[in-house]
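# Examining the three-dimensional arrangement
The lines below spell out each chain.
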There are 2 protein chains.
Amino acid sequence: MAATLPDYPILGRAIDGLSANEIGSLQSRRLVAMVNYVHALAPFWRRKFDELGLEPGDIRDIGDLGKLPFCTKKELQEDQAENPPMGSYVCTPPAEWHRFLTTTGTTGVPLRRVYSKRDYAFAMQRFEAPDSVKPGEVYMLLGPVDGLIGPTTTFDGVSQNGGLIVPAGRLDTRAKIKLIEDMRPAVISGTASYLLRILEVADEIGVDMSRQGIRRLGSVGEPGVAVAETRNRLRAGFGVDAITDGYGMTELFPLGGGCKGSGDIHIGCDVAATEIIDPNSGEPLAAGELGEAVFTNLVGDTQPLLRYRSGDLCRLATEPACPACGYAGPRLAGSVQGRADETIFYRGVKVFPTAIEGAVRALPELNHEYQILVDGDGVLPNLTVRAETLESAKTLGAEAAEALKKRLADGLKAAIRVNAAIELLAPGTLPRDDAGGKVRRVVDKRNRQ
Amino acid sequence: MAATLPDYPILGRAIDGLSANEIGSLQSRRLVAMVNYVHALAPFWRRKFDELGLEPGDIRDIGDLGKLPFCTKKELQEDQAENPPMGSYVCTPPAEWHRFLTTTGTTGVPLRRVYSKRDYAFAMQRFEAPDSVKPGEVYMLLGPVDGLIGPTTTFDGVSQNGGLIVPAGRLDTRAKIKLIEDMRPAVISGTASYLLRILEVADEIGVDMSRQGIRRLGSVGEPGVAVAETRNRLRAGFGVDAITDGYGMTELFPLGGGCKGSGDIHIGCDVAATEIIDPNSGEPLAAGELGEAVFTNLVGDTQPLLRYRSGDLCRLATEPACPACGYAGPRLAGSVQGRADETIFYRGVKVFPTAIEGAVRALPELNHEYQILVDGDGVLPNLTVRAETLESAKTLGAEAAEALKKRLADGLKAAIRVNAAIELLAPGTLPRDDAGGKVRRVVDKRNRQ
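Conventions we followed
- Residues numbered from 1 in each chain as written.
- Chains lettered and ligands numbered in written order.
- Predicted model: local features only at pLDDT ≥ 70, side-chain atom pairs only at ≥ 80, totals over all residues.
- Heavy atoms only, no water.
- Least-squares fit on C-alpha atoms with pLDDT ≥ 70 in both.
- Contact = heavy atoms within 4.5 Å.
- Axes fitted to C-alpha atoms, helices over the stretch in contact; angles between N-to-C directions.
- Helix = DSSP H or I, 4+ residues; strand = E, 2+ residues; numbered from the N terminus.
- Parallel < 35°, antiparallel > 145°, perpendicular 65-115°, else oblique.
- Nonpolar A, V, L, I, M, F, W, Y, C, P; charged D, E, K, R; others polar.
- Salt bridge = Lys/Arg side-chain N within 4 Å of Asp/Glu carboxyl O.
- Buried < 20%, exposed > 50% of the residue type's maximum accessible area, 1.4 Å probe, protein only.
- Buried area = accessible area lost by both parts, 1.4 Å probe.
- Polar contact = N/O pair within 3.5 Å; in protein donor to acceptor, adjacent residues only side chain to side chain.
- Disulfide = S-S within 2.5 Å.
- Domains from an automatic or database assignment.
- Pairing = 2+ DSSP bridges.
- Phe/Tyr/Trp six-rings, centres within 6.5 Å; stacked < 30°, edge-to-face > 60°.
- Lys NZ or Arg CZ within 6 Å of the ring centre and 35° of its normal.

### Some details on the relation of the copies chain B and chain A
- Structural alignment of chain B on chain A gives an RMSD of 0.0 Å, achieved by rotating through 180° and translating 0.0 Å along the axis. What the superposition gives is, in effect, a two-fold axis relating one chain to the other. Every residue of chain B has its C-alpha some distance from the rotation axis, and the shortest such distance is that of aspartate 146 of chain B, at 3.5 Å.
- Looking at chain B, 98% of its interface residues are interface residues in chain A too, so the copies touch through the same face.

Pasting the structure below:
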């Protein structure tokens, strides 16, 4: 087969009108072309196919997706280390590289990703914001842009559509709040943790964020918006009903976002195939079951990936089409539920940090910060949830504090079926992240013993 | 007069071929149009004109520049605070704002700047890099991009010309060095301080930066490259002969850059008028004399500034035209010499930190780091220069250390005509900036007493 991909049209919102059959045949054609393309051009994929005794001709339609090998971030990191700079899975020569991006994380070995102009056009297509701010309106990015796929496509999308993009990542939290007061952005976008941090600091300095005229929040990089209690705090604090959840991975593409009528994330079926698998067995799971999302690039000529294990825990929506917009492609029900690598294996039970987040943030006496501490030995570990009281609850009497601890312990028991120790902390005790990055809240000390 | 600016062509490198007369008449026409434009549209400028009893008609050609009022960053900050978000000197409505930028500094009140599409096209024109990297080549930005004019125009310029721009600002210094080793950039760009920091860390981890195939350094945001000894260290450390000095201000435009054949910065005479003034009297200085650079936007419809005091200490080249390329417009001889607000007034003598930098970096036994400490009372203050020895000179005997201190003291005396106390420190004692920002090296404790 020829080592090029067909010249696919960019479908954009037209995918909302496709039937399940049309999606199936579009995905089948694109998958077959992609398999032939990577086999012809990428030593990485040829080696993986050979290990399974697989030929490109074995893949005849989207139903054969399960025959393909998985790939993981660790494999890609190793391949890039052995074949710098971009790994042996890069399919185009340097002269065609148009955009360079890296995965999040400032130290260690972030994964590198290049996009051709063609790839970047597909990435832009999947981005939901361009049609959301008009000329004269402001879209403010609270975190850094540099080399991150979400903010980069947002930047270009908003600019192309005539809105004003305000990259505020370099400013400290107070300066960002001042900028929001003065610029009156229509949309602000950041991690859920950082949006809550904005509310906390605004409260300290006496600024009411619900009166700034913000009409939409963009939430990125964290599963936070999937937690109802977190979403409630954001809605109340910013006086905003609309929260858009952007979803994607630098390694692949921006994959999709929330639809206006539902809390589900719609994955662009024209750019990627979606599976949810059991993270242990690798077997596909039915709609509604919680498992790891796995994506396959159907377009993209630079570094396309087959069956890339995202590490994100999700479930597919069970209705065949979105009740709000009719989209028949895959939808992540209620957004991403958590990260597979943040799951706490505790006394034979799987505990998801997002469940703990929900229990903490359900209590109005507690502020947004919490930390999950696991220590003790491996056989009988201890789980401690450390949460801060609100400033106004700082001088809680001993009896009231005990009652609050008991309510949190009960809430956690109901949410995760585990007895956790509770530590109530004074406001401001836990570290804050003012850079606006992703926050890891689990401190597992068992590995160090 | 009509409140619009003519539709100027973008001249680009064509200004190199203009005669002094042609430049004069071009600047005269553009200045007259600009004065009428800001008077018609900006309350800020109308107020300043009124205070001087000045009418737009009083400005007939570029020779009348001195009749116009100065403006300062402090004035603009105050105006933006009183007239948020952009001040009463903004001339276009929000729907025409295309790019939002801020001055450097992460806390306090950075100045905000908007560019229309028209303004941004002029800004891009003044940027020298687009023609410097070809498709297949890499241009790596070591510092942040977000909302800074230099990196933003570099990003877009390189991308438009088909080179690959690698924004590495989010990575730590070791990860940046690894990225340089793997990506083999043709050009890397950062502050002079940070480029030296890269050399220091590369040395610690055993990477020879002179063997990475870099063919050009871009130096921005600091006067460092004007110091011969700093330039020498950069050239030797990176094995690079070409260092390009980019110059500009977010408030105005990127104004120019080094010409290939000289160490002078060429200011684009089509986009700005240049004066060098005595910082105290405000009187113009002759070519060759050291003073404060003052710039007037000749194009730019969003927030144009007249006679903006840059705070940068420079001298104009004395030859009427550049010996290397024939450019007859203004050239900053040997780049920017320092900042007016970093000048140390010490026992009746003006001391420039760049002179101290030169004396420190002339001694091969010292590494790149230094700090200038001024303390004691205001009448008889003390000046101490703290410098670090190289790792290899760590175990210097007492006698050798004394000899080294004496050589540095002698070098400083020759450079600044002042007796400074010397402190030799072990390598790694002074704080390092791994974020890649501008570094302030003067610690003046006199104000706190």
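Let us keep going from here.
### Focus on the packing of helix H4 (residues 117-125) of chain B against helix H5 (residues 149-160) of chain B
Residues and elements named next belong to chain B.
- Interaxial distance between H4 and H5 falls to 10 Å at its minimum, and their mutual angle equals 80°. Comparing their axes, H5 and H4 come out roughly perpendicular. Contact with H4, carried on its side by Tyr120, Ala123 and Met124, involves Thr152, Thr153, Asp156, Gly157 and Gln160 of H5 and no other residues of that element.
- For the contact of H4 with H5, a count of residues per class yields three nonpolar, four polar and one charged.

### Brief notes about the pattern of salt bridges
- Enumeration over the complete set of coordinates arrives at 57 salt bridges over all chains.
- Among the salt bridges present, the one from arginine 432 of chain A reaches glutamate 200 of chain A, with a minimum N-O distance of 2.4 Å. Of this pair, arginine 432 of chain A sits in the loop between strand E19 (421-425) and strand E20 (442-444) while glutamate 200 of chain A sits in helix H7 (residues 192-204), and the two are 232 residues apart along the sequence.
- Under the relative-accessibility criterion, glutamate 200 of chain A is labelled buried at 14%.
- Note that glutamate 365 of chain B and arginine 407 of chain B form a salt bridge whose closest N and O atoms lie 3.0 Å from each other. Separated by 42 residues along the polypeptide, glutamate 365 of chain B in the loop between helix H9 (353-361) and strand E17 (366-375) and arginine 407 of chain B in helix H10 (residues 398-416) bring together distant segments of the chain.
- Residue classification places glutamate 365 of chain B among the partly exposed positions, given a relative accessible area of 26%.
- The structure contains a network of salt bridges with shared partners spanning Arg197, Glu200, Glu388 and Arg432 of chain A.

### Some details on the interface of chain B and chain A
- On the side of chain A, 42 residues touch chain B, which itself brings 43 residues to the contact.
- Here chain B packs against chain A, burying approximately 3400 Å² in sum over the two surfaces, 57% of which is carbon and sulfur.
- Summed over the three residues of chain B that lose the most area to chain A, namely Phe100, Asp146 and Arg170 of chain B, the buried surface amounts to 24% of that side.
- Between aspartate 182 of chain A and arginine 112 of chain B there is a salt bridge, with its nearest N and O atoms 2.9 Å apart.
- Where chain B touches chain A, the interface holds 10 residue pairs in polar contact (both at pLDDT 80 or more).
- At the level of secondary structure, the elements contributing two or more residues to the side of chain B that touches chain A comprise strand E1 (99-102), strand E2 (112-115), H5, strand E4 (164-167) and helix H6 (173-183) of chain B.
- Ranked by residue count, the leading element in the side of chain B that touches chain A is H6 of chain B, at five residues.
- The residue inventory of the side of chain B that touches chain A, partitioned by class, reads 22 nonpolar, 14 polar and seven charged.

### Some thoughts on the side chain of glutamine 27 of chain B
Residue and element names in this part refer to chain B.
- Residue position: glutamine 27 is located in helix H1 (residues 20-41).
- Owing to a relative accessible area of 10%, glutamine 27 belongs among the buried residues under this scheme.
- Setting aside its immediate chain neighbours within four residues, glutamine 27 contacts Ile62, Cys269, Ala272, Ala273 and Leu298.

### Thoughts on the state of the cysteines
All names here are of chain A.
- Evaluation of the coordinates by the stated rule reveals zero disulfides over all chains.
- Of all cysteine sulfurs, the one in cysteine 322 lies closest to cysteine 259, which takes part in no disulfide; the gap is 3.8 Å.
- Left unpaired, cysteine 314 is separated from the closest cysteine sulfur, that of cysteine 71, by 17 Å.

### Concerning the packing of helix H1 (residues 20-41) of chain A against helix H2 (residues 43-52) of chain A
Residue and element names in this part refer to chain A.
- Close contact between H1 and H2 brings their axes to 6 Å; oriented N to C, the two are set at 105°. Comparing their axes, H2 and H1 come out roughly perpendicular. Contact with H1, carried on its side by Val35, Val38, His39, Ala40 and Leu41, involves Pro43, Trp45, Arg46 and Phe49 of H2 and no other residues of that element.
- Taken together, the residues of the contact of H1 with H2 sort by class into seven nonpolar, one polar and one charged.

### Looking at the domain arrangement of chain A
Residue and element names in this part refer to chain A.
- Splitting chain A by domain gives domain 1 (12-125 + 253-341), domain 2 (129-246) and domain 3 (343-448).
- Between the C-alpha centres of domain 2 and domain 3 there is a distance of 26 Å.
- Counting residues at the interface gives 19 residues for domain 2 and 20 residues for domain 3.
- A buried area of about 1600 Å², summed over both sides, lies between domain 2 and domain 3, and 49% of it is on carbon and sulfur atoms.
- A per-residue breakdown of the area domain 2 buries against domain 3 is headed by Arg197, Glu200 and Arg233, which together make up 33% of the total.

### Let's talk about helix H4 (residues 117-125) of chain A
- Taken as a whole, H4 of chain A has its buried residues at Asp119, Tyr120, Phe122, Ala123, Met124 and Gln125 of chain A.
- As for H4 of chain A, its buried residues are in contact with strand E1 (99-102), strand E2 (112-115), helix H5 (149-160) and strand E8 (254-258) of chain A.

### As for the pairing of E2 of chain A
Residue and element names in this part refer to chain A.
- Burial of the side chains of E2 extends over both faces: Arg112 and Val114 are buried on one face and Arg113 and Tyr115 on the other.
- In this sheet, E2 lies alongside E1 in antiparallel orientation, the contact comprising four bridges. Pairing of leucine 101 across the sheet is with arginine 113, part of E2.

### Digging into the packing of aromatic side chains
- Taken as a whole and assessed by the stated rule, the structure comprises 10 aromatic pairs over all chains.
- Geometrically, the ring pair formed by tyrosine 115 of chain A and tyrosine 120 of chain A is edge-to-face, given 6.4 Å between the ring centres and 85° between the ring planes.
- A relative accessible area of 6% places tyrosine 120 of chain A in the buried class.
- On the numbers, 6.0 Å between centres and 55° between planes, the contact of tyrosine 247 of chain A with phenylalanine 295 of chain A is tilted. In this pair, tyrosine 247 of chain A is assigned in strand E7 (residues 242-248) and phenylalanine 295 of chain A in strand E11 (residues 291-297), connecting sequence segments 48 residues apart.
- Its relative accessible area of 9% is what places tyrosine 247 of chain A among the buried residues.
- Among the aromatic side chains, those forming a connected cluster through ring pairs are Phe44, Trp45 and Tyr89 of chain A.
- The lysine or arginine in question, arginine 113 of chain A, covers the ring of tyrosine 115 of chain A, its NZ or CZ lying 4.1 Å from the ring centre.
- Over the face of the ring belonging to tyrosine 8 of chain B we find arginine 30 of chain B, whose NZ or CZ atom lies 4.2 Å from the ring centre.

### Examining the sheet that holds strand E18 (residues 382-389) of chain B
Residue and element names in this part refer to chain B.
- Across the sheet, four strands lie side by side as E19-E18-E17-E20; this open sheet has mixed pairing. The sheet is open, and its two edges are formed by strand E19 (421-425) and strand E20 (442-444), each paired on a single side. Averaged over all adjacent pairs, the angle separating strand axes in this sheet is 20°, with direction ignored.
- One ladder, built from seven bridges, connects E17 with E18; its direction is antiparallel. Within E18, the position partnered with tyrosine 370 by the bridge is alanine 387.

### As for the environment of aspartate 264 of chain B
All names here are of chain B.
- Checked against the element boundaries, aspartate 264 lands in the loop between strand E8 (254-258) and strand E9 (265-267).
- Residue aspartate 264 is classed as buried on the basis of its relative accessible area of 13%.
- Sequence spacing of aspartate 264 and proline 330 is 66 residues, and the spatial spacing of their C-alpha atoms is 9.7 Å.
- Here aspartate 264 is in contact with Gly257, Gly258, Cys259, Ala317, Arg331, Leu332, Ala333, Gly334 and Ser335, once residues within four sequence places are set aside.

### A short note on unusual backbone geometry
- In this model, proline 84 of chain A is joined to proline 85 of chain A through a cis peptide bond whose omega is 0°.
- Looking at the secondary structure, you find proline 85 of chain A in the loop between helix H3 (73-82) and E1.
- Residues other than glycine seldom take positive phi values, yet serine 335 of chain A does so here, at roughly 70°.
- Relative to the elements of secondary structure, serine 335 of chain A occurs in the loop between strand E13 (331-332) and strand E14 (338-339).
- Classification of serine 335 of chain A as buried rests on a relative accessible area of 3%.
- You will see that arginine 347 of chain B, though not glycine, has its phi angle at about 50°, which is positive.

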